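# Close look at the chain arrangement
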Amino acid sequence: MTTVTATAHPNIALVKYWGKRDLPLNLPAVPSLSLTLDGFETRTTVTWGADHDVFELDGVPADAKAAAKVFAFLDLIDPKRPPCKVVSANDFPTGAGLASSASAFAALALAASTARGDDVDPTRLSVLARQGSGSACRSLWGGFVEWRAGEHPDGVDSHGLPLAGPDHWDVSMVVAVVSTAHKPVGSTDGMERARLTSPLYDTWVAQAQGDVDVGRDAIFARDLDGLGRVMEASTYKMHATMHTSAPPLMYWQPASLACLHTVWALRAGGLSAWTTMDAGPQVKVLCRSADAATVADALRPHAMAVHMLRPGGPARIVS
Ligand code: PMV
């Protein structure tokens, strides 16, 4: 019996992943870019060898669906594994479009593999974490990360790739939380709905590599306007595939829209602040760290909570 605790931070996509070319393996139809964020964290303790399988999430026994997902993930590590106890906690809302599944599966991959005594090379863990939640493959590393779509049918070449560490660039992501309700449609169902029904889906896929190339250059050049432009383009192309799905999928709430217009008004006034949204109603804003307080103050009237988050570090073992 071995017990290991690991932590990981969520990451927010700068160029988005939306759509799968292989459902069980979580192989993406598109490449993506992300920023790992400090401030929010998942902390997961795995006991490899327990009386029976247990999964506690945020202090209570997890629901059957979440537990089944975690135990199936442990089966990927070792189909003949012993019963395991997994205790996981997020210090931010779970399942509300704040990338909790990304930090969750990155922390779980690291804690469980270490507890089993496996090789914990981050690239190998990234391939593993991807199978729990696609975006989790980017949370093994800190800072700016690329996820190449890969070509192999088994997914060995579909993993995160660190581009630049958290100290590369003093930017912040200001997160406006407008609702903490659990999202009504999960990302896998949303992606499949878009793939099967949105007339915009093929264009979305066709343009993704170009957006990643522009975004990567902007990260290396520390060009905030360039990165912001392509991040907003990727964000609203992705949401357009949701809005044009049948039935339509709309994660935005009135408060989300109020936040977007607030940021665009700041930008019209000369501040370099750029919006993004994921599979939830929260609005995230990329800006210089020196401007984060100004952005946060402007968003506060429309939000339940506003967080100013800097680039974060990699997943790591804490005990
Ligand atoms: O990793 P998943 O299955 O939770 O999908 C994440 C999808 C988005 O957050 C909307 C975009 C992204 O690239 O993170």
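Fair warning: this is a prediction, and the values are worked out from it, not measured in the lab.

### A word on the pairing of strand E5 (residues 32-36)
With 5 of 5 residues buried, E5 is to be regarded as a mostly interior element. Of the two faces of E5, the one holding Ser32, Ser34 and Thr36 and the one holding Leu33 and Leu35 are both buried throughout. In this sheet, E5 lies alongside strand E2 (residues 11-15) in antiparallel orientation, the contact comprising 4 bridges. Across the sheet, the residue bridging to Ile12 is Leu35, located in E5. With 4 bridges joining them, E5 and strand E10 (residues 144-147) adopt antiparallel strand pairing. For Ser34, the partnering residue across the bridge sits in E10 and is Val145.

### What to know about the site of the ligand
Taken together, 14 residues are adjacent to the ligand, and Tyr17, Ser133, Ser135, Arg138 and Ser187 come closest. At 2.9 Å, a backbone N or O of Tyr17 approaches an oxygen atom of the ligand. Within the side chain of Ser101, an N or O atom sits 3.4 Å from an oxygen atom of the ligand. Alone, the ligand offers 380 Å² of accessible surface; in the complex the protein occludes 91% of this. When grouped by side-chain class, the residues that make up the shell around the ligand number 6 nonpolar, 5 polar and 3 charged. Two domains each donate at least three residues to the shell around the ligand, and these are domain 1 (2-166) and domain 2 (171-309).

### Focus: the packing of aromatic side chains
Under the defined criterion, the tally for this structure stands at 6 aromatic pairs. On the basis of an interplanar angle of 10° and a centroid distance of 4.8 Å, the ring pair of Phe40 and Phe92 is categorised as stacked. Note that Phe40 is positioned in the loop between E5 and strand E6 (42-48) and Phe92 in the loop between strand E9 (84-90) and helix H2 (100-116), a separation of 52 residues in sequence. Summarising the aromatic geometry, the rings of Tyr236 and Trp252 are spaced 6.0 Å apart at their centres and angled 90° between planes, so their arrangement reads as edge-to-face. On the criterion of sequence distance, the pair formed by Tyr236 in helix H6 (residues 224-243) and Trp252 in the loop between H6 and helix H7 (254-268) is long-range, its members being 16 residues apart. Over the aromatic face of Trp274 sits the side chain of Arg267, whose NZ or CZ is 3.7 Å from the ring centroid.

### Considerations on the packing of H7 against helix H8 (residues 292-299)
Helix packing for two helices is described by the angle between their axes and how far apart those axes are. Where H7 contacts H8, the two axes come as close as 9 Å, and the packing angle between them is 135°. Classed by the angle they form, the pair H7 and H8 counts as oblique. The two elements H7 and H8 meet at a crossing, and its hand is right-handed. Contact with H7, carried on its side by Cys259, Thr262, Val263 and Leu266, involves Val295, Ala298 and Leu299 of H8 and no other residues of that element.

### Things to note about the nonpolar core
Core analysis: the biggest nonpolar cluster contains 32 residues, and Val46, Trp48, Leu74 and Leu108 have the highest contact counts within it. Residue assignment for this core shows that the elements contributing at least two residues are strand E1 (2-8), E6, helix H1 (64-77), E9, H2 and helix H3 (122-132). Per-element accounting of this core gives the leading share, 9 residues, to H2. In this view, Leu74 contacts Trp48, Arg81, Cys84, Val86, Leu108 and Ala112; residues no more than four positions away in its chain are not counted. Counting residues in each nonpolar core, the second largest holds 29 residues, with Ile12, Leu14, Ala99 and Val175 among its members.

### Some remarks on the sheet that holds E10
Spatial ordering of the open sheet is given by E2-E5-E10-E11, a layout of 4 strands whose pairing is antiparallel. The strands lining the two open edges of the sheet, one partner per strand, are E2 and strand E11 (160-164). On average, each strand axis in the sheet is inclined to that of its neighbour by 35°, with strand direction left out of account.

### Here we look at the domain arrangement of the chain
According to the domain assignment, the chain contains domain 1 (2-166) and domain 2 (171-309). Once you take the C-alpha centre of each, domain 1 and domain 2 turn out to be 22 Å apart. Contact with domain 1, which involves 29 residues of that partner, is made by 48 residues of domain 2. Overall, the association of domain 1 and domain 2 removes approximately 3100 Å² of surface from exposure, summing both partners, and the carbon and sulfur fraction of that is 75%. Together, Leu14, Lys16 and Trp18 form the three largest contributors to the area buried by domain 1 at its contact with domain 2, with a combined 27%. Applying the counting criterion to the domain 1 and domain 2 interface returns 2 salt bridges. Across the pair Glu146 and Arg216 runs a salt bridge whose closest N-O atoms are separated by 2.7 Å. Run the count over domain 1 and domain 2 and you get 6 residue pairs in polar contact (both at pLDDT 80 or more). Among the elements of the structure, E2, E5 and E10 are those that each provide at least two residues to the side of domain 1 that touches domain 2. In terms of residue count, E2 provides more of the side of domain 1 that touches domain 2 than any other element does, 4 residues in total. Class assignment of the residues belonging to the side of domain 1 that touches domain 2 gives a composition of 19 nonpolar, 6 polar and 4 charged.

Thresholds, definitions, all that
- Residues numbered from 1 in each chain as written.
- Predicted model: local features only at pLDDT ≥ 70, side-chain atom pairs only at ≥ 80, totals over all residues.
- Heavy atoms only, no water.
- Buried < 20%, exposed > 50% of the residue type's maximum accessible area, 1.4 Å probe, protein only.
- Helix = DSSP H or I, 4+ residues; strand = E, 2+ residues; numbered from the N terminus.
- Pairing = 2+ DSSP bridges.
- Near = heavy atom within 4 Å.
- Polar contact = N/O pair within 3.5 Å; in protein donor to acceptor, adjacent residues only side chain to side chain.
- Areas by Shrake-Rupley, 256 points an atom, 1.4 Å probe, with all protein chains shown as cover.
- Nonpolar A, V, L, I, M, F, W, Y, C, P; charged D, E, K, R; others polar.
- Domains from an automatic or database assignment.
- Phe/Tyr/Trp six-rings, centres within 6.5 Å; stacked < 30°, edge-to-face > 60°.
- Lys NZ or Arg CZ within 6 Å of the ring centre and 35° of its normal.
- Axes fitted to C-alpha atoms, helices over the stretch in contact; angles between N-to-C directions.
- Parallel < 35°, antiparallel > 145°, perpendicular 65-115°, else oblique.
- Left-handed = near helix turned anticlockwise from the far one by under 90°.
- Contact = heavy atoms within 4.5 Å.
- Core = buried A, V, L, I, M, F, W, Y, C linked by side-chain atoms within 4.5 Å.
- Buried area = accessible area lost by both parts, 1.4 Å probe.
- Salt bridge = Lys/Arg side-chain N within 4 Å of Asp/Glu carboxyl O.

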